[in-house]
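Listed below, chain by chain, are the residues.
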Amino acid sequence: MEKIVSDVIKIIKGSKNEIEMEKVLWTFLLNTVIAMIALAFERINDELFASLKAEGYKVQRKDARTIQGIFGPLTYERRLVKKEGEKAFYPLDRHLGFERYRRYTPYLEFCVVKLAARSVYRVVEESIKILSPVIISHQKVAMLVRDAGRRYSKYEETMLTVDAKSDGELVKPDTLYIEGDGLYISRVNGKDPSLESKEPEEKPRKKEYNELHRIQLDVGVEQEGNGKRHRLVDRREFVDTDLAKVQMQLERFLESYYNLQKTIVICNSDNGPGYVISSFERMAGECGQFEFFVDPYHVNQKVKTRLSFAPKGLQNDVLRVLRQFLIGRRWMLSLIHISEPTRPRLI
């Protein structure tokens, strides 16, 4: 550690300006972290083989592998082992969850897909190049998006098993928040539009979409340290291209992790297909109190869409009256909550 600190001081003192200083520090620290991870992998590899050797496995050979993670490209060496009558495999790769022929770590792939849900693939490629030492093409980004649902779904299924609790250990939060929405990723004739030629065509190309369904839950918000930043408490995400599978995963997680008998469950969505009140009621199951609402943005969009034929002034009047109605209704509901238990629906 002392050597690392000395090298950092040397970089700071030897830099011509603050931009160069931070750039060189960033590269140095990333290389240091990668070297430490490679050393850790080597030790884990030795430990795994020691236990396998006792079971009769023998080393076939040692092979190097390079995989790109959030810290950049990482090269490490691992053993290929084999037992008579069984297939050869790499214990370290299996332990780390690195599949054959994969060039990127699961977490890096997840980060790439999250970016791709909010931008076009070429912009994702450039953003990653600027903010990290990772090298990835926009074609690879498109491939990762197609594969994202399956891999993240597998991760959630693993976490469900890990987090499962007995009845006596179930968490009993005062409030549970659930939010659901679909992320559309546009494509043209099944292809990423950023990969398509910019030359004009005779026939217009039909747009298609990949949709990632996402449901998020948490139990509240807390302040981070003494600053103004806040974070969601016990936040969990469930993501897949199959909405029914996401809903099933959420239901299984709630059953195995929470006791909601006295919990207020508050749900929010855009009220689109699969994200209506009945869907959330089914996922929440038996709870102390259930609330469902559509956020103001989607309410405004729906009103403007349905009243697109009307003057803008009329649209604004409808929105104003609607807001006043909801404020009055929320005040009435607060009185009902104080007087007796109930399960009103705030839509």
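Definitions and limits used
- Every chain's residues receive numbers from 1 upward, in the order its sequence appears when written.
- Since the coordinates come from a predicted model, pLDDT governs what is reported: local features require at least 70, and pairs of side-chain atoms require 80 or more to be given and counted, while whole-chain, interface and lining totals use all residues.
- Side-chain figures throughout are based on the complete set of non-hydrogen atoms in the structure, without hydrogens or water.
- Put simply, DSSP H or I for four residues or longer makes a helix, DSSP E for two residues or longer makes a strand, and each gets a number counted from the N terminus.
- Relative accessibility decides the category of a residue: with a 1.4 Å probe and only protein chains considered, values under 20% of the type maximum give buried, values over 50% give exposed, and everything between is partly exposed.
- The contact rule is simple, with two residues in contact once any of their heavy atoms fall within 4.5 Å.
- Calculation of accessible area relied on Shrake-Rupley with a 1.4 Å probe; when residues are assessed, cover is drawn exclusively from the protein chains displayed.
- Any helix carries an expected span of 1.5 Å times its number of residues minus one.
- The term polar contact refers here to a pair of N or O atoms within 3.5 Å; inside protein, the definition further demands a hydrogen-donor-capable atom paired with an acceptor-capable atom, and it admits residues adjacent in sequence only when both atoms are side-chain atoms.
- Whether two strands pair depends on DSSP finding at least two bridges between them.
- Note that the arc is defined by the directions from the helix axis to the C-beta atoms.
- Ring pairs are drawn from Phe, Tyr and Trp, using the six-membered ring of Trp, whenever the two centres fall within 6.5 Å, and their geometry is named by plane angle: stacked under 30 degrees, edge-to-face over 60, tilted for the rest.
- Counted as over-ring charges are cases with an Arg CZ or a Lys NZ within 6 Å of the ring centre that also lie within 35 degrees of the ring normal.
- Axis lines are fitted to C-alpha atoms, over the contacting stretch for helices. Their N-to-C directions set the angle, which ranges from 0 to 180 degrees.
- If an angle is under 35 degrees, it is roughly parallel; if it is over 145, roughly antiparallel; if it lies from 65 to 115, roughly perpendicular; otherwise it is oblique.
- Take the far helix as your reference; a near helix turned counterclockwise from it by less than a right angle gives a left-handed crossing, and one turned clockwise gives a right-handed crossing.
- Amino acid classes used here: Ala, Val, Leu, Ile, Met, Phe, Trp, Tyr, Cys and Pro are nonpolar; Asp, Glu, Lys and Arg are charged; the rest, including Gly, are polar.
- Put simply, a disulfide is two cysteine sulfurs that come within 2.5 Å.
- You can read pLDDT as the predictor saying how much it trusts each residue, on a scale of 0 to 100.

**A look at the overall build of the protein chain**
For step 1, the next point in the chain: Helix and strand counts for the protein chain stand at 10 helices and nine strands.
For step 2, the next point in the chain: Counting all 347 residues of the protein chain, 37% fall into the buried class.
For step 3, the next point in the chain: Intrachain contacts of the protein chain at a sequence separation of at least 6 include 63% that bridge at least 24 residues.
For step 4, the next point in the chain: When the accessible area of the protein chain is evaluated, it comes to approximately 22,300 Å², of which 56% is carbon and sulfur surface.

**Observations regarding helix α7 (residues 243-257)**
For step 1, the next point in the chain: If you check α7, its first and last C-alpha atoms are 21 Å apart, about what 15 residues at 1.5 Å a residue would give, namely 21 Å.
For step 2, the next point in the chain: If you check the start of α7, you find a side-chain oxygen 3.0 Å away from the backbone N of A244, and it comes from D242.

**Section: the pairing of strand β1 (residues 58-69)**
For step 1, the next point in the chain: Bridge analysis of β1 against strand β2 (residues 72-82) gives 11 bridges, and the strand direction is antiparallel. The residue of β2 that forms the bridge with R61 is L80.
For step 2, the next point in the chain: Here β1 hands over to β2 after two residues, the two strands then running antiparallel side by side.

**A look at helix α4 (residues 106-116)**
For step 1, the next point in the chain: Listing the buried residues of α4 in full gives L108, E109, V112, V113 and A116. Summarising the axial view, the buried residues of α4 lie within an arc of 135 degrees, below the 170-degree limit, and thus occupy one face.

**Concerning the packing of aromatic side chains**
For step 1, the next point in the chain: Enumeration according to the criterion identifies nine aromatic pairs in this entry.
For step 2, the next point in the chain: Aromatic ring contacts, followed pair by pair, group F238, F253, Y257 and Y258 into a single cluster.
For step 3, the next point in the chain: Lying across the ring of Y90, R78 places its NZ or CZ 3.8 Å from the centre.
For step 4, the next point in the chain: The ring of F89 is capped by R94, whose NZ or CZ atom sits 4.0 Å from the centre of that ring.

**Comments concerning the packing of helix α1 (residues 2-14) against helix α2 (residues 18-53)**
For step 1, the next point in the chain: As a packed pair, α1 and α2 sit with axes 9 Å apart at the nearest point and diverge in direction by 160 degrees. Considering the angle they form, α1 stands roughly antiparallel to α2. Relative to α2, α1 is oriented so that their crossing is right-handed. Facing α1, whose interface residues are I4, D7, V8, I11, I12 and G14, α2 presents E20, M21, V24, L25, F28, L29 and T32.
For step 2, the next point in the chain: Counted by class, the contact of α1 with α2 contains nine nonpolar, two polar and two charged residues.

**Quick notes on the environment of E84**
For step 1, the next point in the chain: Its location among the elements puts E84 in the loop between β2 and α3 (91-96).
For step 2, the next point in the chain: Sequence-wise, E84 and K58 are 26 residues apart; in three dimensions their C-alpha atoms are separated by 8.9 Å.

**Overview of the state of the cysteines**
For step 1, the next point in the chain: Applying the stated criterion across every chain yields a total of zero disulfides.
For step 2, the next point in the chain: Take C267: it sits in no disulfide, and the sulfur closest to it among the cysteines is that of C287, at 7.8 Å.
For step 3, the next point in the chain: Look at C287 and you get buried, because its relative accessible area is 8%.

**Considering the packing of α4 against helix α5 (residues 121-131)**
For step 1, the next point in the chain: Contact geometry of α4 with α5 gives a least axis separation of 9 Å together with a crossing angle of 130 degrees. As summarised for this structure, α4 and α5 are arranged oblique, according to the angle between their axes. α4 and α5 meet at a crossing whose hand is right-handed. Counted together, V112, L115 and A116 of α4 and Y121, V124 and I128 of α5 form the full contact between these two elements.

**Structural notes on the confidence of the model for the protein chain**
For step 1, the next point in the chain: Here the protein chain shows a mean pLDDT of 78. Residues at 70 or above account for 79%.
For step 2, the next point in the chain: Within the protein chain, the lowest mean pLDDT, 64, falls on helix α10 (residues 312-339), and the highest, 90, falls on strand β8 (residues 264-269).
For step 3, the next point in the chain: Residue range residues 188-199 is modelled with pLDDT below 50. Its contacts to residues more than four positions away, or to other chains, number 24 contacts.
For step 4, the next point in the chain: Across residues 331-347, where pLDDT falls below 50, the model places 31 contacts with residues more than four positions away in sequence or in other chains.

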